[in-house]
Amino acid sequence: MTPAWRHLLRAWYLQTSSSRIPKMCPSLSRAFRTSVTKLGLHTKHRMPPCDFTPEKYQSLAYERVLEIHSQHLAPMSTAYFPKPLLLHQGHMEWLFDYEGNRYLDFFSGIVTVSVGHCHPKVNAVAQKQLGRLWHTSSLFFHSPIHEFAEKLSALLPEPLKVIFLVNSGSEANDLAMLMARAHSNSTDIISFRGGYHGCSPYTLGLTNVGPYKMELPSGTGCQSTMCPDVFRGPWGGSHCRDSPVQTIRKCSCAPDCCQAKDQYIEQFKDTLNTSVAKSIAGFFAEPIQGVNGVVQYPKGFLQEAFELVRERGGVCIADEVQTGFGRLGSHFWGFQTHGILPDIVTMAKGIGNGFPMAAVVTTPEIAKSLATRLFHFNTFGGNPMACAIGSAVLEVIKEEKLQENSHDVGTYMLQKFAELRDEFEIVGDVRGKGLMIGIEMVKDKVSCQPLPREEVNEIHDDCKRMGLLIGRGGIFAQTFRVAPSMCITKPDVHFAVEVFRSALIQHMERRAKSNF
């Protein structure tokens, strides 16, 4: 009998609780007072203390919010949970809903809030700039853009020193596509299946996730290639990933020689030989796939792929929208973990801690190729507010050693979640690096078929009811994505792992009941 099932049998006798989170967070002087959520079916978990008290919610009633949403906002169903959360306020790793309930945010606004919700230093800089100058456009100079450009360029290796500032990740990848084609004088661009690079008409061609594909033509000149996924793909084993946690699949490879990498490279060569022209524009890759469920490639794959692309005259683009700014812990940029040097780097999300801004960084040569063909202009890109905030975010990452925290706390969390993989048959894979983690749910470890969406939904909702917010990803929405702000602590990890474990036990209980 597995440990999970021993706990499950004992759980039948535990008292059910419907307690709610206190309306106010306990202050640090009351650190030993138990702070609990609207708890799940069996066990109360001690929520780490919080020294912040949210304001009282005094806006629209919840029912009115639902009415307005259904009548006037986009009809696509993007909200999590049967009863969507109505959030009111945030502080560092915490979110508060309209009723005052507190949640540990382990998805950070889709991997966006890098240094913490409403970080005091970032808030202060934003408020100061708000009272000084909001907007000028690039027709006039202002010092925040030059200060930010100097700080950002110092974090990138030569010759990646020319910065184009825009407003979103999709916009950044749009521009990178244009740069690649202008510089190479070719059209074809390759990207991985399962890759997400935006939802604009141009970047939809790069994005290879089913729900983002249309029946109508969009993003012409883009070709997909096999994703070298060492868990779900045809090849992979126990030495493939640059991660403290490896897949449970076994292989005969030596630690420094990955046969899976060689097999996936052959597939990449096949794409080059059959699906694109002799000369290509470029190749887009996320250092770790985000939307597809934190998918990692075999070590050494991107190095060889970049060489093959450059042999065809193409440029190599690293999409750092989710992986950049120290999130992976060991390095500031995801591409550095692969030992590669891209020709273009795109970035967004964590760059502004939630403020809408993004950037494309490239070489002087590629920047000149674009300038000779196009008068590139962006009304809001690089506005004073965005640049002041961007500088503050970079300062906080350095001053608070958040990259180091991502490495230390992230590695610890990966190992704790890996213990749950060993305990539960439905946890098929745990992977990632730093504070970018994927937990893939399966029916069983033999078939590795995705756990049905409705069952994953139930686990997801149970976590929320116990005070933990995590994301979803994967082609079948079968993977939980864990990507908190980089300010989290080990006590936060303890709480998150215990909540997730309880949600798994509750799921196993439901499964047992349904079999009677």
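Residues numbered from 1 in each chain as written. Predicted model: local features only at pLDDT ≥ 70, side-chain atom pairs only at ≥ 80, totals over all residues. Heavy atoms only, no water.

For the protein, an unreviewed UniProt entry supplies the name Alanine--glyoxylate aminotransferase 2, mitochondrial and the organism Mustela putorius furo. Here is the UniProt Subunit (unreviewed entry) comment for the protein, exactly as written: "Homotetramer." (UniProt positions renumbered as here; feature names shortened; annotations may be inferred.)

**Brief notes about the overall build of the protein**
Counting its regular elements, the protein contains 14 helices and 15 strands. Computed over C-alpha atoms, the radius of gyration of the protein comes to 23 Å, within 12% of the 24 Å expected from 2.2 N^0.38 for 516 residues, which places it in the range of a compact globule. Viewed in the frame of its principal axes, the protein has a C-alpha envelope of about 70 × 60 × 45 Å. In the protein, which comprises 516 residues, the share counted as buried stands at 56%. In the protein, of all internal contacts separated by at least 6 residues, the share reaching a separation of at least 24 is 72%. Just so you have it, the protein exposes about 22500 Å², and 56% of that area is on carbon and sulfur atoms. Separation of charge centres in the protein, based on 53 positive and 49 negative side chains, amounts to 4 Å. (Helix = DSSP H or I, 4+ residues; strand = E, 2+ residues; numbered from the N terminus. Rg over C-alpha atoms; globule rule 2.2 N^0.38 Å. Buried < 20%, exposed > 50% of the residue type's maximum accessible area, 1.4 Å probe, protein only. Contact = heavy atoms within 4.5 Å. Areas by Shrake-Rupley, 256 points an atom, 1.4 Å probe, with all protein chains shown as cover. Lys, Arg positive; Asp, Glu negative; His and termini not counted. Charge placed at Lys NZ, Arg CZ, Asp CG, Glu CD.)

**A few points about the environment of H146**
On the secondary structure map, H146 appears in helix α5 (residues 143–153). A distance of 3.0 Å separates a polar side-chain atom of H146 from the backbone oxygen of H142. (Polar contact = N/O pair within 3.5 Å; in protein donor to acceptor, adjacent residues only side chain to side chain.)

**So, the pattern of salt bridges**
In the structure shown here, the tally under the stated rule is 22 salt bridges. Between D462 and R465 there is a salt bridge, and its shortest N-O distance comes to 2.3 Å. A residue pair is termed a helical-turn pair when its members lie 3 or 4 positions apart in one helix, as D462 and R465 do in helix α13 (residues 453–465) at three residues. Overall, the relative accessible area of 3% leaves D462 in the buried class. Judged by relative accessible area, R465 falls into the partly exposed class, the value being 27%. (Salt bridge = Lys/Arg side-chain N within 4 Å of Asp/Glu carboxyl O.)

**Describing the packing of helix α7 (residues 259–274) against helix α8 (residues 301–311)**
Put simply, α7 and α8 touch, their axes get as near as 10 Å, and they point 20° apart. Between α7 and α8, the crossing angle belongs to the class labelled roughly parallel. Once α7 is placed against α8, the crossing between them reads as right-handed. Along its contact with α7, which presents K261, D262, Y264, I265, F268, K269 and L272, the element α8 presents F301, E304, A305, L308 and V309. Residues that form the contact of α7 with α8 fall into these classes: eight nonpolar, no polar and four charged. (Axes fitted to C-alpha atoms, helices over the stretch in contact; angles between N-to-C directions. Parallel < 35°, antiparallel > 145°, perpendicular 65-115°, else oblique. Left-handed = near helix turned anticlockwise from the far one by under 90°. Nonpolar A, V, L, I, M, F, W, Y, C, P; charged D, E, K, R; others polar.)

**Overview of empty space enclosed by the protein**
The final tally for this structure, using the stated rule, is one cavity of 30 Å³ or more. If you trace the largest cavity, you find 13 residues lining it, with V111, Q322, G324, R327 and G350 closest to the centre. For the lining of the largest cavity, the per-class residue count stands at five nonpolar, six polar and two charged. Two domains each put at least three residues into the lining of the largest cavity: domain 1 (62–118 + 402–515) and domain 2 (120–400). (1 Å grid on protein atoms, 1.4 Å probe; cavity = no way out; pocket = protein on both sides within 12 Å on 5 of 7 lines; lining within 4 Å. Points joined across faces, edges and corners; volume = space filled by probe spheres on them. Domains from an automatic or database assignment.)

**Looking at the pairing of strand β2 (residues 94–97)**
Here β2 shows no split at all, with W94 and F96 on one side and L95 and D97 on the other all buried. With four bridges joining them, strand β1 (residues 87–91) and β2 adopt antiparallel strand pairing. Counterpart to Q89 in the pairing with β2 is F96. The hairpin formed by β1 and β2 contains two residues between the paired strands, and M92 there has a positive phi angle of roughly 55°. (Pairing = 2+ DSSP bridges.)

**Quick look at the environment of K433**
Structurally, K433 is set in strand β11 (residues 427–433). In sequence terms K433 and L328 are 105 residues apart; their C-alpha atoms lie 5.3 Å from each other. For K433, the side chain forms a polar contact with the side chain of D242, separated by 3.4 Å. Here S330 takes part through its side chain, which lies 3.2 Å from a polar atom of the side chain of K433.

**Observations concerning the domain arrangement of the protein**
Much of the literature gives interface size as the accessible area that the parts lose upon coming together. Parsing the protein into structural domains produces domain 1 (62–118 + 402–515) and domain 2 (120–400). Taking only C-alpha atoms into account, the centre of domain 1 sits 25 Å from that of domain 2. Contact with domain 2 buries surface across domain 1, with Q403, K433 and M436 losing the most and accounting together for 21% of the total. Taken together, the connections running from domain 1 to domain 2 amount to three salt bridges. Ionic pairing is found between E440 and R232, a salt bridge with its closest N-O pair at 2.6 Å. On the surface where domain 1 and domain 2 come into contact, there are 25 residue pairs in polar contact (both at pLDDT 80 or more). (Buried area = accessible area lost by both parts, 1.4 Å probe.)

**So, the packing of aromatic side chains**
Between two aromatic rings, the relevant description is the distance of the centres plus the angle of the planes. With the rule as written, the count across this model stands at 17 aromatic pairs. Ring geometry for F192 against Y297: centres 4.9 Å apart, planes inclined by 50°, an arrangement best described as tilted. Taken as a pair, F192 in strand β5 (residues 189–192) and Y297 in the loop between β7 (282–285) and α8 lie far apart in primary sequence, 105 residues in all. No difference in accessibility class separates F192 from Y297, as the two residues are buried. Ring geometry for F268 versus F283: centroids 5.0 Å apart, planes at 65°, classification edge-to-face. Separated by 15 residues along the polypeptide, F268 in helix α7 and F283 in strand β7 bring together distant segments of the chain. Each member of the pair, F268 together with F283, is buried. Three or more aromatic residues link up through ring pairs in this structure, and these residues are F192, F268, F283, Y297, F301 and F306. Directly above the aromatic system of Y62 lies the positively charged group of K83, at a separation of 5.2 Å from the ring centroid. (Phe/Tyr/Trp six-rings, centres within 6.5 Å; stacked < 30°, edge-to-face > 60°. Lys NZ or Arg CZ within 6 Å of the ring centre and 35° of its normal.)

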